[in-house]
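Take a look at the letters that make up each chain.
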Amino acid sequence: GSLLFFAGAGFVVENLWGSRRYLSFGEWLQVLLIVSVFIVTEALLPAVVTGGLVTGFSFIVKYAMIPATTTVPTKGSFITTCEKRGELLTRKVQSIADRWLMVVRLKGYLFFGSSQKVTGLVREMIAEEVKSGRPKYERLRYVIFDCELLDGMDA
């Protein structure tokens with residue numbers, strides 16, 4: 001038993017101390033916490049469960065901070081079409097699109113937390129239009145989510 005303890009302790013110390021140069025301080029503390037749980041409980045399962053919970057929480061917090069939009073939402077008048085129309089019709093479409101249409105360009109991976117930020121942004125813009133006293137017929141009606149740069153989405 002003691003031979004196994006010394007072999008395991010050497011392995012843990014070597015890898016824990018050696019990994020401090022390659023991991024951020026927060027990640028290193030996570031590894032230290034997992035090893036501590038293993039040492040205190042003397043069982044592998046609580047350490048694995050602790051590791052899963054701690055790293056899962058860390059993952060969610062880290063990726064919730066990354067913005068899911070590439071830029072500020074674009075009004076419809078800045079969007080162009082490749083279809084040929086007359087100058088008058090083109091200006092009418094741009095005028096209407098500027099008031100009624102907004103394009104939100106999404107990027108990366110969309111999680112629940114980041115999707116809340118995107119919908120919050122759209123709600124803020126709608127609330128600003130209502131507060132500004134803009135007539136109802138000129139307010140935003142359509143929102144397009146451009147997913148060209150989106151890598152994936154969490155269900």
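Worth saying up front: this structure is predicted, and the values here are computed from it rather than measured.

Trainee: Any chance you could explain the nonpolar core here in plain terms?
Mentor: Among soluble globular proteins, nonpolar side chains are generally buried collectively. Listed in full, the nine residues of the largest apolar core are Ala 68, Met 102, Val 104, Leu 106, Leu 110, Val 118, Val 122, Leu 140 and Leu 150. Counting residues per element, the ones that place at least two in this core are strand S2 (101–110) and helix H5 (112–131). At four residues, the largest contribution of residues to this core is made by S2. In contact with Leu 110, not counting residues within four places along its chain, are Ala 68, Ser 115, Leu 150, Gly 152, Met 153 and Asp 154.

Trainee: What should I look at first to understand helix H2 (residues 25–41) in this one?
Mentor: Owing to its 3.6 residues per turn, the α-helix aligns residues three or four sequence positions apart on the same side. Counted at 1.5 Å a residue, the expected span for H2 with its 17 residues is 24 Å, and the 24 Å between its end C-alpha atoms agrees. Within the sequence span of H2, burial applies to Trp 28, Gln 30, Val 35 and Val 37. Just downstream of H2, Glu 42 is the residue with a positive phi angle, here 55°.

Trainee: Teacher, can you tell me more about the sheet that holds strand S3 (residues 142–153) here?
Mentor: The strands making up a sheet associate through hydrogen bonds between their backbones, and the pairing can be parallel or antiparallel. Spatial strand order, S1-S2-S3: three strands in an open sheet with mixed pairing. What marks the edges here is a single partner per strand, and that holds for strand S1 (74–75) and S3. Alignment of S2 against S3, held across nine bridges, turns out to be parallel. Residue pairing for S3: Val 104 is matched across the bridge by Phe 145. Lying on the sheet, helix H4 (residues 87–100) is in contact with S1, S2 and S3; it crosses S2 at an angle near 55°. The sheet contacts of H5 involve S1, S2 and S3, and relative to S2 the element is tilted by about 165°.

Reading the values: the criteria
Residues numbered from 1 in each chain as written. Predicted model: local features only at pLDDT ≥ 70, side-chain atom pairs only at ≥ 80, totals over all residues. Heavy atoms only, no water. Core = buried A, V, L, I, M, F, W, Y, C linked by side-chain atoms within 4.5 Å. Buried < 20%, exposed > 50% of the residue type's maximum accessible area, 1.4 Å probe, protein only. Helix = DSSP H or I, 4+ residues; strand = E, 2+ residues; numbered from the N terminus. Contact = heavy atoms within 4.5 Å. Expected span 1.5 Å × (residues − 1). Pairing = 2+ DSSP bridges. Axes fitted to C-alpha atoms, helices over the stretch in contact; angles between N-to-C directions.

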